[in-house]
Amino acid sequence: MLCPSRATKRSKKGWRTLTEKEILQLIDNVECNNETDKIENLTFMQWNVNAPDQERNEFYQDILGVIEKILPDFCCFQNVQHDFRASLSQSAKIGRHYYLSNSNLDYMDFTSHTHHGLVTISRWPCEFMEYPFIDTHVGRYLLACQTVVNGIPIVVAHSHLDNKKNKRQEKIRKAGHILSGHENVIWMGEFGDICNDIRDTVKSYMDLEEVAEERRPTKDKILVRSEKIKPAHFFNLYEDKTSETVRGGVVGVVKFSGFR
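Figured I'd write up the structure that's included with this text. (Residues numbered from 1 in each chain as written. Predicted model: local features only at pLDDT ≥ 70, side-chain atom pairs only at ≥ 80, totals over all residues. Heavy atoms only, no water.)

## Observations regarding the nonpolar core
If you look at the biggest cluster of nonpolar residues, it comprises 24 residues, and the most contacted ones within it are Leu42, Phe44, Val156, Ile186 and Ile222. Put simply, the parts of the chain that give this core at least two residues each are strand 4 (41-48), strand 5 (74-80), strand 9 (141-149), strand 10 (152-159), strand 11 (185-190), strand 13 (220-225), strand 14 (229-236) and strand 15 (250-256). Residues in contact with Ile186, not counting those within four places in the same chain, are Phe44, Val155, Val156, Ala157, Ile222, Leu223, Val224 and Ile229. (Core = buried A, V, L, I, M, F, W, Y, C linked by side-chain atoms within 4.5 Å. Buried < 20%, exposed > 50% of the residue type's maximum accessible area, 1.4 Å probe, protein only. Helix = DSSP H or I, 4+ residues; strand = E, 2+ residues; numbered from the N terminus. Contact = heavy atoms within 4.5 Å.)

Rendered as structure tokens:
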């Protein structure tokens, strides 16, 4: 099942949902500009933003500070609550630089304090789509966006997976099947330590963690499958001292073929 999830963009009157025609026109405009001004690198950020209630506001402000410092091309967030999305919407710098997915945060079950909302922010105009996992009682889903950079179609996707190992494996296999029809894929999420158990699904992907200067395995993964982009850099935000206070979060950089 495929559900459109429109992009939103800030205007003088506030955030508004873009029509499909507007999104496609924006993508075409960017593609035309890329013909004379090629992009060498893309930067991705992956973050599970869950935090205790008493720490959330400070934690969210720290995250916004990191985004504003690095200005990654794409950020994928899991465990999103309404107040975190509000923080993104209220940030002037986010509003100037990013498109936000108009994600369905109503999937979240506040009565059991489990939060599975997803949000993607992108510096590139994108078509956003949601793929619900229909056999889960808490509404988990895969959120994907597609755009064009340097004339190359790129898909960026992520999901918040189940805590139980067998269910996580099942969701990753389903997500892998959904993404298998695309050539250039960046697949992010909190995969845990189960990649070794599902090699049949992720064997065609490169784990950006493998290019880190000092490898300290993390649950957060940024996987790449493409012949036209290659891994260039990966780091853990806290260990890299990007912030002394934030927990979690990883950043990966890929380089387009043809650049040294």
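Past the structure itself, the notes keep going.
## Quick look at the state of the cysteines
Scanning all chains against the criterion turns up 0 disulfides. Here Cys75 stays unpaired: no disulfide links it, and the sulfur of Cys76, its closest cysteine neighbor, is 7.7 Å away. Classification of Cys75 as buried rests on a relative accessible area of 0%. Cys126 supplies the cysteine sulfur nearest to Cys145, a cysteine that is in no disulfide, at a spacing of 3.9 Å. Residue Cys145 is classed as buried on the basis of its relative accessible area, which comes to 2%. (Disulfide = S-S within 2.5 Å.)

## As for the pattern of salt bridges
Counted according to the given criterion, the structure contains 5 salt bridges. The salt bridge partner of Lys255 is Glu40, with a shortest N-O separation of 2.8 Å. Separated by 215 residues along the polypeptide, Lys255 in strand 15 and Glu40 in the loop between helix 1 (20-34) and strand 4 bring together distant segments of the chain. The class for Glu40 is partly exposed, based on a relative accessible area of 31%. Close ionic contact of Lys174 with Glu170 constitutes a salt bridge, the shortest N to O distance being 3.6 Å. Residue Lys174 and its partner Glu170 are located together in helix 5 (residues 165-179), separated by 4 residues, close to a single helical turn. When its relative accessible area of 32% is taken as the criterion, Lys174 is described as partly exposed. Classification of Glu170 by relative accessible area gives partly exposed; the value is 31%. Here the salt bridges do not stand alone but share partners, grouping Asp207, Glu209 and Lys221 into one network. (Salt bridge = Lys/Arg side-chain N within 4 Å of Asp/Glu carboxyl O.)

## Some points on the packing of aromatic side chains
Both the distance between ring centres and the angle between the ring planes are used here to describe each pair of aromatic rings. The tally for this structure, following the rule as stated, stands at 5 aromatic pairs. Every member of this aromatic cluster is reached through a ring pair, and the members are Phe59, Tyr60, Phe77 and Phe84. (Phe/Tyr/Trp six-rings, centres within 6.5 Å; stacked < 30°, edge-to-face > 60°.)

## With respect to the packing of helix 2 (residues 56-70) against helix 3 (residues 82-90)
Running from N to C, helix 2 and helix 3 point in directions that differ by 40°, and their axes come no closer than 10 Å. In terms of orientation, helix 2 and helix 3 fall into the oblique class. Seen along the crossing, helix 2 lies across helix 3 with a hand that is right-handed. On helix 3, the residues touching Arg56, Tyr60, Gln61, Ile63, Leu64 and Ile67 of helix 2 are Asp83, Phe84, Ser87 and Leu88. Per-class residue counts for the contact of helix 2 with helix 3 are 6 nonpolar, 2 polar and 2 charged. (Axes fitted to C-alpha atoms, helices over the stretch in contact; angles between N-to-C directions. Parallel < 35°, antiparallel > 145°, perpendicular 65-115°, else oblique. Left-handed = near helix turned anticlockwise from the far one by under 90°. Nonpolar A, V, L, I, M, F, W, Y, C, P; charged D, E, K, R; others polar.)

## Remarks on empty space enclosed by the protein
The full count for this structure, using the stated rule, is 1 cavity of 30 Å³ or more. Approximately 40 Å³ is the volume attributed to the largest cavity. Lining the largest cavity, in full, are Leu142, Ser159, Leu161, Ile172, Ala175, Trp187, Met188 and Phe191. Elements supplying a minimum of two residues to the lining of the largest cavity: helix 5 and strand 11. Along the lines of polarity and charge, the residues of the lining of the largest cavity split into 7 nonpolar, 1 polar and no charged. (1 Å grid on protein atoms, 1.4 Å probe; cavity = no way out; pocket = protein on both sides within 12 Å on 5 of 7 lines; lining within 4 Å. Points joined across faces, edges and corners; volume = space filled by probe spheres on them.)

Take it as geometry only, folks, not as evidence of what the structure does.
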